[in-house]
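What follows is each chain in one-letter form.
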Amino acid sequence: MNEIPEASERIEMVPVGYVENDYLEPVYNEEVYNKVSKIALKKEFTEGLYRIEDFEKLYILFYFSKSKGYKLIHRRHYDGEISGVFASRSPYRPNGIGLTIVELLKVEGNVLHVKGLDAINGTHVLDIKPYIKETEQVDNETTD
């Protein structure tokens, strides 16, 4: 039987890049999903972008560096309902990790131009993964 790791165990991550846009403070704003942002990868990770243009959409995982603390129960922004933090997209989370699907517009060297990123300027990007519709689709979902 596998042992469960101690809750106090630490995990270290190194950002692969940073967000560049006009959003300076974390404010809930639906307009952000229509805006273009840049993700500037550190030069040493540029080769990892090889064939990223094969995908129209990407998952961006990032760190909520300005969100301090968390509440396990709160009111969700998108529908006003009370829920647990794991049933919401709140930036106030135990580990402060954000996840957004963005539209990839273009790639220039180590810079991705994306639409729909709900992260503020200077946000640490932890990882980038392709959104693959065929493998992500739930059985009863229809394709568009």
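Our structure is the block above this text.
These remarks concern the structure in this document. In this text, all values refer to a predicted model and were calculated from it rather than measured experimentally.

The rules we used
- Residues numbered from 1 in each chain as written.
- Predicted model: local features only at pLDDT ≥ 70, side-chain atom pairs only at ≥ 80, totals over all residues.
- Heavy atoms only, no water.
- Salt bridge = Lys/Arg side-chain N within 4 Å of Asp/Glu carboxyl O.
- Helix = DSSP H or I, 4+ residues; strand = E, 2+ residues; numbered from the N terminus.
- Buried < 20%, exposed > 50% of the residue type's maximum accessible area, 1.4 Å probe, protein only.
- Polar contact = N/O pair within 3.5 Å; in protein donor to acceptor, adjacent residues only side chain to side chain.
- Contact = heavy atoms within 4.5 Å.
- Core = buried A, V, L, I, M, F, W, Y, C linked by side-chain atoms within 4.5 Å.
- Pairing = 2+ DSSP bridges.

Turning our eyes to something else, we now look at the pattern of salt bridges. Applying the stated criterion across every chain yields a total of 3 salt bridges. The residue Asp 79 makes a salt bridge to Arg 76 at a minimum N-O spacing of 2.7 Å. Note that Glu 108 is salt-bridged to Lys 106, the shortest N-O span being 3.4 Å.

All right, on to unusual backbone geometry then. Even without glycine at this site, Arg 51 takes up a positive phi of about 70°. Relative to the helices and strands, Arg 51 is located in the loop between β2 (36-41) and β3 (57-63).

Among the structural elements, Asn 21 can be located in the loop between β1 (17-20) and β2. The exposure class assigned to Asn 21 is buried, which follows from its relative accessible area of 11%. A distance of 3.0 Å separates the side chain of Asn 21 from the backbone nitrogen of Asn 121, its partner in a polar contact. Those residues within four positions of Asn 21 in sequence are excluded, and the remaining contacts are Ser 37, Ala 119, Ile 120 and Asn 121.

A few words on the nonpolar core. Among the nonpolar cores identified, the biggest contains 19 residues, and Ile 39, Ile 52, Leu 58, Ile 60, Leu 112, Leu 117 and Ile 128 are the most heavily contacted of them. For this core, the secondary structure elements donating two or more residues are β2, β3, β6 (97-108), β7 (111-115) and β8 (124-130).

With that settled, the discussion passes to the pairing of β7. β7 sits mainly inside the fold: 4 of its 5 residues count as buried. Alignment of β2 against β7, held across 5 bridges, turns out to be antiparallel. Paired with Ser 37 across the bridge in β7 is Val 114. In this structure, β6 lies alongside β7, joined through 5 bridges in antiparallel fashion. In the strand pairing of β7, Glu 103 is matched with Lys 115. The hairpin formed by β6 and β7 contains 2 residues between the paired strands, and Gly 109 there has a positive phi angle of roughly 60°.

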